Amino acid sequence: MSKNYRAELTGCFGCPIDENPTGVLMEAGYAAKNLNYRYLTIRLEDGQLETAMKAVRIFGMRGVNLTIPHKVKVLPYLDELSPAAEIIGAVNTVIVRDRKLIGENTDGKGFVRSLADSGISPAQKNVAILGAGGAARAIAVECALAGASEITIINRTPARGEELARLVGEKTAARARFLPWTDAMAIPENTDILVQATNIGLFPDASLPDINYDSIHPGMTATDVVFNPPMTGFLEKAAARGAGIITGLGMLVNQGALNFELWTGEKAPYEIMYEALKKEF
Ligand code: NDP
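All values derive from a computational prediction rather than experimental measurement.

Chemist: Just checking my understanding: could you explain helix H1 (residues 22-32) for this structure?
Modeler: For an α-helix the count is 3.6 residues per turn, leaving residues at separations of three or four pointing the same way. The set of residues buried in H1 consists of Thr22, Gly23, Leu25, Met26, Ala28, Gly29 and Tyr30. At its buried positions, H1 is contacted by strand E1 (8-14), strand E2 (37-43), strand E3 (63-66), helix H8 (248-264) and helix H9 (270-278).

Below you can see the structure in the form of structure tokens.
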């Protein structure tokens, strides 16, 4: 009887990467589905991406994730982009299909799915986002594509925030505006979903976003992209004000589940992947 000892390869390129736990949830998913797939967490320094993307083709990999500093720099090495990745201008997932490298962005889709896990849809909602970096861009675009009424970008560096608000306003049907981040920033009264999409609170930093926490009210859902620690100081303060909260683990596991489906063509064993991830914290 002939056996196949060759594993299908997936993985992640980034630097720094050592503390990225995505491999744990992906490998748990592959094992649960009895798939001979591996997920390799690979430190890839700036400047090495062109060679690494050639290796993706040569090794016949199913796909890779990209993280800092490669999400934008990978664009020249891809054959196609998904519509959302094209608008966002960044790729966190590459799928190899018919020998073509296709760029997708599952960060924002994972975020929208994590809202759905709590029974929330961005449709007809006002979404306020702290930050205008890669995570904020993906979340703003996907919330707008999912039917949000208004996207408000609040960012420390005005040029970056203005650019994101302009992009959302031009490329989607949502209203979009930028507010400069002032001291003890008050969250707009009409906000339904508040997204903390900066690095603030990422381990070992235990600081808090400089907002007026009294402006958070029980009608809001507060979410954080930071997943280490899952319960950030920002979420603790928002919960104390009566807001619903969603941790960054939901976004992480949902984008992992989406990547799983894109690479294997099978439904992801979501609960098993989530349990494996939670054990890491
Ligand atoms: P970027 O470097 O692209 O953007 C960082 C953003 O945070 C910028 O808007 C920056 O503002 C803002 N910022 C940083 N420090 C401060 C500060 N002290 N005060 C005010 N604003 C600040 O990072 P990413 O968007 O790629 O990542 C952000 C976070 O999202 C990371 O912690 C990352 O781990 C997390 N993430 C989580 C995911 C998940 O699945 N849960 C997925 C992807 C990312 P400015 O423009 O002024 O510099």
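Chemist: What is the right way to read the site of the ligand from this model?
Modeler: Taken together, 23 residues lie around the ligand, and Ala132, Ala135, Asn155, Thr157 and Val225 are the ones closest in. At 2.9 Å, a backbone N or O of Gly134 approaches an oxygen atom of the ligand. Here an oxygen atom of the ligand and a side-chain polar atom of Thr157 are 2.5 Å apart. Within the complex, 79% of the 930 Å² of free accessible area of the ligand lies under protein. Counting only elements with at least two residues in the shell around the ligand, the list comes to helix H5 (134-145) and H8. Here the element with the most residues in the shell around the ligand is H8; it accounts for four residues. Tallied by class, residues from the shell around the ligand come to eleven nonpolar, nine polar and three charged.

Chemist: So what exactly am I meant to see when it comes to the sheet that holds strand E11 (residues 221-224) here?
Modeler: Backbone-to-backbone hydrogen bonds join strands into a sheet, with any given pair of strands oriented parallel or antiparallel. Spatially, the six strands line up as an open sheet ordered E9-E8-E7-E10-E11-E12, and their pairing is parallel. With partners counted over all chains shown, the strands left at the sheet margins are strand E9 (175-180) and strand E12 (244-246), one partner each. Each neighbouring strand pair of the sheet contributes to a mean axis angle of 20°, computed without reference to strand direction. Here four bridges tie strand E7 (residues 126-130) to strand E10 (residues 193-196), and the two strands are oriented parallel to one another.

Chemist: Help me out: how do you make sense of helix H4 (residues 107-117) in this one?
Modeler: Buried residues of H4: Asp107, Gly108, Gly110, Phe111, Val112, Ser114 and Leu115, and no others. Contacts from the buried residues of H4 go to H5, E10, E11, E12 and H8. Gly119 sits one or two positions beyond H4 and adopts a positive phi of about 75°.

Chemist: I would appreciate a short explanation of the packing of aromatic side chains in the present structure.
Modeler: Pairs of aromatic rings are described using the distance from one ring centre to the other and the angle between the two planes. Counted under the stated rule, the structure contains six aromatic pairs. Summarising the aromatic geometry, the rings of Phe227 and Phe281 are spaced 6.3 Å apart at their centres and angled 80° between planes, so their arrangement reads as edge-to-face. Of this pair, Phe227 sits in the loop between E11 and helix H7 (233-240) while Phe281 is found in the segment after H9, placing the two residues 54 residues apart along the sequence. Looking at Phe227, the relative accessible area reads 22%, which means it is partly exposed.

Chemist: Would you mind going over unusual backbone geometry with me for this structure?
Modeler: Here the residue pair Cys15 and Pro16 is connected by a cis peptide bond, since its omega of 5° sits within 30 degrees of zero. In the segment running from Ile68 into Pro69, the intervening peptide bond is cis, with an omega of 0°. Inspection of the secondary structure puts Pro69 in the loop between E3 and strand E4 (80-81). The backbone phi angle of Arg99 is positive, close to 65°, even though this residue is not glycine. Among the secondary structure elements, Arg99 is positioned in the loop between strand E5 (93-97) and strand E6 (100-104).

Chemist: What is the right way to read the sheet that holds E3 from this model?
Modeler: Spatial strand order, E2-E1-E3-E5-E6-E4: six strands in an open sheet with mixed pairing. Single-partner strands in this sheet number two, and they are E2 and E4. Note that E3 and E5 share three bridges and pair antiparallel. Counterpart to Gly63 in the pairing with E5 is Ile95. Sitting on the sheet, H1 touches E1, E2 and E3, and the angle it makes with E2 is about 170°. Most of the contacts of helix H2 (residues 49-58) go to E1, to which it runs at about 170°, and overall it touches E1, E3, E5 and E6.

Conventions adopted
- Residues numbered from 1 in each chain as written.
- Predicted model: local features only at pLDDT ≥ 70, side-chain atom pairs only at ≥ 80, totals over all residues.
- Heavy atoms only, no water.
- Buried < 20%, exposed > 50% of the residue type's maximum accessible area, 1.4 Å probe, protein only.
- Helix = DSSP H or I, 4+ residues; strand = E, 2+ residues; numbered from the N terminus.
- Contact = heavy atoms within 4.5 Å.
- Near = heavy atom within 4 Å.
- Polar contact = N/O pair within 3.5 Å; in protein donor to acceptor, adjacent residues only side chain to side chain.
- Areas by Shrake-Rupley, 256 points an atom, 1.4 Å probe, with all protein chains shown as cover.
- Nonpolar A, V, L, I, M, F, W, Y, C, P; charged D, E, K, R; others polar.
- Pairing = 2+ DSSP bridges.
- Axes fitted to C-alpha atoms, helices over the stretch in contact; angles between N-to-C directions.
- Phe/Tyr/Trp six-rings, centres within 6.5 Å; stacked < 30°, edge-to-face > 60°.

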